[in-house]
Amino acid sequence: MTRKFLVVVDDSPEFKAALGYAARRARSTNGRVVLLRALPDSSDEHWSGVRDEIRRQQRAEAEALLARIGDEAAERSGAPAIFIIEEGDAQDAIRKTVKADLDIKILVLAASAGTRGPGPLVSAVLKQGGFHSGRKLPVTIVPGELSEEDLSDLA
C-alpha cells in the first residue's frame, strides 16, 4: 500500500505551496502525489453540442495542465503523479476521489495569506470539519506563502 497525498489543482497562488509540501512529504514517505482537477459543471448550456465542445476543451486544458504540473510533482516527489479529472465543484470532486481511492491518506491544502480569507476549500474544512467522504481523512493546511526553503524544512 502506497500512501497518497491529494492536492486540488486550482488557479490560486497558494496552490504551489500545497503541491510543494505534498511532493516533499511523498518523497520522505515513499508515497505518491494525486493531482485532482475539478472542472466546473457546464449544465447551464442550452445546446448539447456547445456543452459537449466546452467539456472537451476543459478536459484537454485540464490534461495539459496536469501533465505540466505532474512533471514538477514527479521531480520533487521521486514518483510519477496520479492525475484525476472530475466534473463538478471541488468539494464534490474531493469526496468522490477520496471515496474511490482508500490509499489517499492526506488531503493537502494551502491557506491564502491576505485579506480575502483562507480560500473556499480551507474555509469548508474549518466550518464542516472535512468533506464527509464516509471515512476519516486528515487534512494538512499549509500557509500559502511558504518559500521553497520553508517547504524543504517542513517536509
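Description of the structure in this document. Just so it is clear, the model here is predicted, and its values are computed rather than measured. (Residues numbered from 1 in each chain as written. Predicted model: local features only at pLDDT ≥ 70, side-chain atom pairs only at ≥ 80, totals over all residues. Heavy atoms only, no water.)

This brings us to the sheet that holds strand S5 (residues 139-143). With respect to topology, five strands assemble into an open sheet ordered S3-S2-S1-S4-S5, the strand pairing being parallel. The sheet is open, and its two borders are formed by strand S3 (82-87) and S5, each paired with just one other strand. Strand-to-strand twist of the sheet, defined as the mean angle between neighbouring strand axes without regard to direction, takes the value 30 degrees. In this sheet, strand S2 (residues 32-39) lies alongside strand S1 (residues 4-8) in parallel orientation, the contact comprising five bridges. Bridge assignment links leucine 6 to a residue of S2, and that residue is valine 34. Relative to the sheet, helix H1 (residues 15-28) contacts S1, S2, strand S4 (104-111) and S5, its axis offset from that of S1 by approximately 170 degrees. Relative to S2, helix H2 (residues 48-77) is tilted by about 160 degrees, and along the sheet it contacts S2 and S3. (Pairing = 2+ DSSP bridges. Helix = DSSP H or I, 4+ residues; strand = E, 2+ residues; numbered from the N terminus. Axes fitted to C-alpha atoms, helices over the stretch in contact; angles between N-to-C directions. Contact = heavy atoms within 4.5 Å.)

Of the volumes computed, that of the largest pocket is approximately 450 Å³. Lining the largest pocket are 28 residues, and of these Val8, Val9, Asp10, Asp11 and Leu121 lie nearest its centre. Elements with a contribution of two residues or more to the lining of the largest pocket: S1, H1, S2, H2, helix H3 (90-100), S4 and helix H4 (120-128). In terms of residues, the lining of the largest pocket owes the most to one element, H2, which gives four residues. Looking at side-chain class alone, the lining of the largest pocket contains 18 nonpolar, four polar and six charged residues. (1 Å grid on protein atoms, 1.4 Å probe; cavity = no way out; pocket = protein on both sides within 12 Å on 5 of 7 lines; lining within 4 Å. Points joined across faces, edges and corners; volume = space filled by probe spheres on them. Nonpolar A, V, L, I, M, F, W, Y, C, P; charged D, E, K, R; others polar.)

Locating lysine 4 in the fold gives a position in strand S1. Setting aside anything within four residues of it in sequence, one finds lysine 4 in contact with Arg32, Val34, Ile82, Asp101, Asp103, Ile104, Lys105 and Ile106.

What follows covers the pairing of S2. Most of S2 is tucked away, with seven of its eight residues classed as buried. Strand direction decides the pairing type here: S2 and S3, joined by six bridges, are parallel. Across the sheet, the residue bridging to valine 34 is isoleucine 82, located in S3. (Buried < 20%, exposed > 50% of the residue type's maximum accessible area, 1.4 Å probe, protein only.)

Attention now goes to the environment of lysine 4. Residue lysine 4 is classed as buried on the basis of its relative accessible area of 13%. Linking lysine 4 and alanine 100, residues 96 residues apart in sequence, is a C-alpha distance of 13 Å. A polar contact is formed between the side chain of lysine 4 and the side chain of aspartate 101, at a distance of 2.8 Å. (Polar contact = N/O pair within 3.5 Å; in protein donor to acceptor, adjacent residues only side chain to side chain.)

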